[in-house]
Amino acid sequence: MHPNLQLSPYPSDKVIGTALEFVEGITHEQKCYGTFEEDMPDPSFRFRVALVQHDGDFKMHSHEYSELVIVLGGRATHATEVEEYELETGDVFVIGSGRRHGFLGAQGLKLCNLMFDPAQFLKGRKPLEEMMGYHALFDLQPRDVSQGRFRERLHLSMDDLSYARNIVSNLKLEYSGGEAGRELMIRSSFDLLVTFLCRVYGRKKADTVTPLTAMAKVVSYIRNHYRDPIRIEDLARVAHLSVSQLQRRFRKAYDTSPVQYINNLRLHEACELLKTSDYSVTHIAHDCGFGSSSFFSTQFRQSLGESPSAYRMRSKTKV
């Protein structure tokens, strides 16, 4: 951490900083508290978009929510708990909940800040979870501070930045307006922006082998192939690692082994099918990647403490 940046406690009932915000062509000073309650008080819709400008230093701080940041212009040094680097127009990164960061020597630094609750805006987006860029940008990078992950941030070309800015402009209009369907339009625009950024990241980093991209590619592979037999050797090849390296790095990133991650994903998908479909237990077992219904039932009982049939009956009774 740079010595010129003071720490701001988290969570806090005090202002962590101010920025010049642009709203409908008018600028005003906007306070930031870093908490849901102050910055986005509607508990059913934890979202906010702001176009801001920073000048000078902005002290180290953290947020209760996640923040997607797009650099639109200007310059500054971005400081995190583990590194500092110069920002460039077109840089994109995600600040996860509780992660400290700040800015040094900002000169006309113009940012698009999209503040959101991941549980409301990202959870359960299966098509996103199949994309390598999603795991790199919105999963691994925001919560891993150990290896200078921000250096693997996305950098947009001028054409891609222009496209992203168009989405942001429409999103900002909906956010500031009050027409029917406002929240649906915001969610749809946010999904479009996130999907676009994930696609660009995957395209740019397809041939890049780093600790971040390796794990992102592995998890994306698992999400796309969990219905099929997956060998640990297959995952090691995807990551360009030895089996032992893969297992060690995967556990560090996800606090579980690759095999257990696959098993948990298959069980989760099986639970959804048990609740929402009339497929037989045998059909669900094979559809979710288990070799047999007996193995599926054993794994299910060990993890959830009841049989698949009992789980289905209990779930349907609740409805």
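Here, every reference points to the structure presented above.
Residues numbered from 1 in each chain as written. Predicted model: local features only at pLDDT ≥ 70, side-chain atom pairs only at ≥ 80, totals over all residues. Heavy atoms only, no water.

A.B. asks: Would you mind going over the overall build of the protein chain with me for this structure?
C.D. replies: Summing up its helical and strand segments, the protein chain has 13 helices and eight strands in all. For the protein chain, the C-alpha radius of gyration of 22 Å lies close to 20 Å, the compact-globule estimate for 319 residues. Dimensions along the principal axes, computed over C-alpha positions, put the protein chain at roughly 65 × 50 × 40 Å. Sorting the 319 residues of the protein chain into buried and exposed places 51% on the buried side. Taking as baseline every contact in the protein chain between residues at least 6 positions apart, the subset at least 24 positions apart corresponds to 71%. As displayed, the protein chain has an accessible area near 15400 Å², and 49% of this comes from carbon and sulfur atoms. On the protein chain, the mean spot of the 40 positive side-chain charges and the mean spot of the 40 negative ones are 5 Å from each other. (Helix = DSSP H or I, 4+ residues; strand = E, 2+ residues; numbered from the N terminus. Rg over C-alpha atoms; globule rule 2.2 N^0.38 Å. Buried < 20%, exposed > 50% of the residue type's maximum accessible area, 1.4 Å probe, protein only. Contact = heavy atoms within 4.5 Å. Areas by Shrake-Rupley, 256 points an atom, 1.4 Å probe, with all protein chains shown as cover. Lys, Arg positive; Asp, Glu negative; His and termini not counted. Charge placed at Lys NZ, Arg CZ, Asp CG, Glu CD.)

A.B. asks: Could you clarify how one ought to interpret the packing of helix H4 (residues 132-143) against helix H7 (residues 211-225) in this entry?
C.D. replies: Geometrically, a packed helix pair is captured by the angle between its two axes and the distance between the axes. The geometry of H4 relative to H7 is characterised by a closest axis approach of 8 Å and an angle of 120° between their N-to-C directions. With respect to H7, the element H4 is oriented oblique. Seen along the crossing, H4 lies across H7 with a hand that is right-handed. Contacts between H4 and H7 involve Met132, His135, Ala136, Leu140 and Gln141 on the former and, on the latter, Leu212, Met215, Ala216, Lys217, Val219, Ser220 and Arg223. When its residues are assigned to classes, the contact of H4 with H7 shows seven nonpolar, three polar and two charged. (Axes fitted to C-alpha atoms, helices over the stretch in contact; angles between N-to-C directions. Parallel < 35°, antiparallel > 145°, perpendicular 65-115°, else oblique. Left-handed = near helix turned anticlockwise from the far one by under 90°. Nonpolar A, V, L, I, M, F, W, Y, C, P; charged D, E, K, R; others polar.)

A.B. asks: Mind showing me how you'd approach the pairing of strand E1 (residues 17-23) here?
C.D. replies: A regular strand carries its side chains on alternate faces of the sheet. Pairing geometry for E1 and strand E2 (residues 26-32), over seven bridges, is antiparallel. Its bridge partner lying in E2, Ala19 is registered against Gln30. Alignment of E1 against strand E3 (residues 47-61), held across two bridges, turns out to be antiparallel. Its bridge partner lying in E3, Glu21 is registered against Val52. (Pairing = 2+ DSSP bridges.)

A.B. asks: Teacher, can you tell me more about the environment of Pro127 here?
C.D. replies: Within the fold, Pro127 resides in helix H3 (residues 126-129). Of the residues examined, Pro127 reaches a relative accessible area of 61% and is grouped as exposed. Through-space distance from the C-alpha of Pro127 to that of His240 is 25 Å; in sequence the pair is 113 residues apart.

A.B. asks: Even after reading the chapter, I still don't get the environment of Ala270, so can you show me in this structure?
C.D. replies: On the secondary structure map, Ala270 appears in helix H10 (residues 258-276). Given the relative accessible area of 0%, Ala270 is considered buried. Considered as a pair, Ala270 and Leu246 are 24 residues apart in the sequence and their alpha carbons are 26 Å apart.

A.B. asks: Can you help me understand the packing of aromatic side chains in this one?
C.D. replies: Centre distance and the angle of the planes are the two values used to describe a pair of aromatic rings. Per the stated rule, a full pass over the model turns up 18 aromatic pairs. Summarising the aromatic geometry, the rings of Phe36 and Tyr65 are spaced 6.0 Å apart at their centres and angled 55° between planes, so their arrangement reads as tilted. You can see Phe36 sitting in helix H1 (residues 36-39) and its partner Tyr65 sitting in the loop between E3 and strand E4 (66-80), a full 29 residues away along the chain. Judged by relative accessible area, Phe36 falls into the buried class, the value being 13%. We classify Tyr65 as buried; its relative accessible area is 0%. Taken together, the aromatic side chains of Phe45, Phe47, Phe116, Phe121, Tyr175 and Phe190 make up a single cluster linked through ring pairs. Lying across the ring of Tyr175, Arg182 places its NZ or CZ 5.3 Å from the centre. (Phe/Tyr/Trp six-rings, centres within 6.5 Å; stacked < 30°, edge-to-face > 60°. Lys NZ or Arg CZ within 6 Å of the ring centre and 35° of its normal.)

A.B. asks: I keep staring at unusual backbone geometry and nothing clicks. Help me out?
C.D. replies: Most peptide bonds are trans, and most residues other than glycine sit at a negative phi. Here His240, not a glycine, exhibits a phi torsion of approximately 55°, which is positive. Structurally, His240 can be placed in the loop between helix H8 (232-239) and helix H9 (243-254). Using a relative accessible area of 58% as the deciding quantity, one classes His240 as exposed.

A.B. asks: Explain the side chain of Asp39 here, please?
C.D. replies: Structurally, Asp39 is set in helix H1. Of the polar contacts made by the side chain of Asp39, one reaches the side chain of Tyr65; its length is 2.7 Å. Filtering out sequence-adjacent residues up to four positions away, Asp39 remains in contact with Lys31, Cys32, Tyr33, Gly34, Arg48 and Tyr65. (Polar contact = N/O pair within 3.5 Å; in protein donor to acceptor, adjacent residues only side chain to side chain.)

A.B. asks: Even after reading the chapter, I still don't get the nonpolar core, so can you show me in this structure?
C.D. replies: Nonpolar side chains tend toward joint burial in soluble globular proteins. Ranked by size, the top nonpolar core spans 58 residues in total, and within it Phe47, Leu68, Leu114, Phe138 and Phe190 carry the most contacts. Sorting elements by how many residues they give to this core places helix H6 (residues 182-204) first, with nine residues. Excluding residues that lie within four positions of it along the chain, Phe138 makes contacts with Leu68, Val94, Phe116, Leu122, Gly133, Val194 and Cys198. Core analysis: the next-biggest nonpolar cluster, separate from the first, contains 21 residues, Ile16, Phe58, Val69 and Val71 among them. (Core = buried A, V, L, I, M, F, W, Y, C linked by side-chain atoms within 4.5 Å.)

This is a description of form; function is not addressed.
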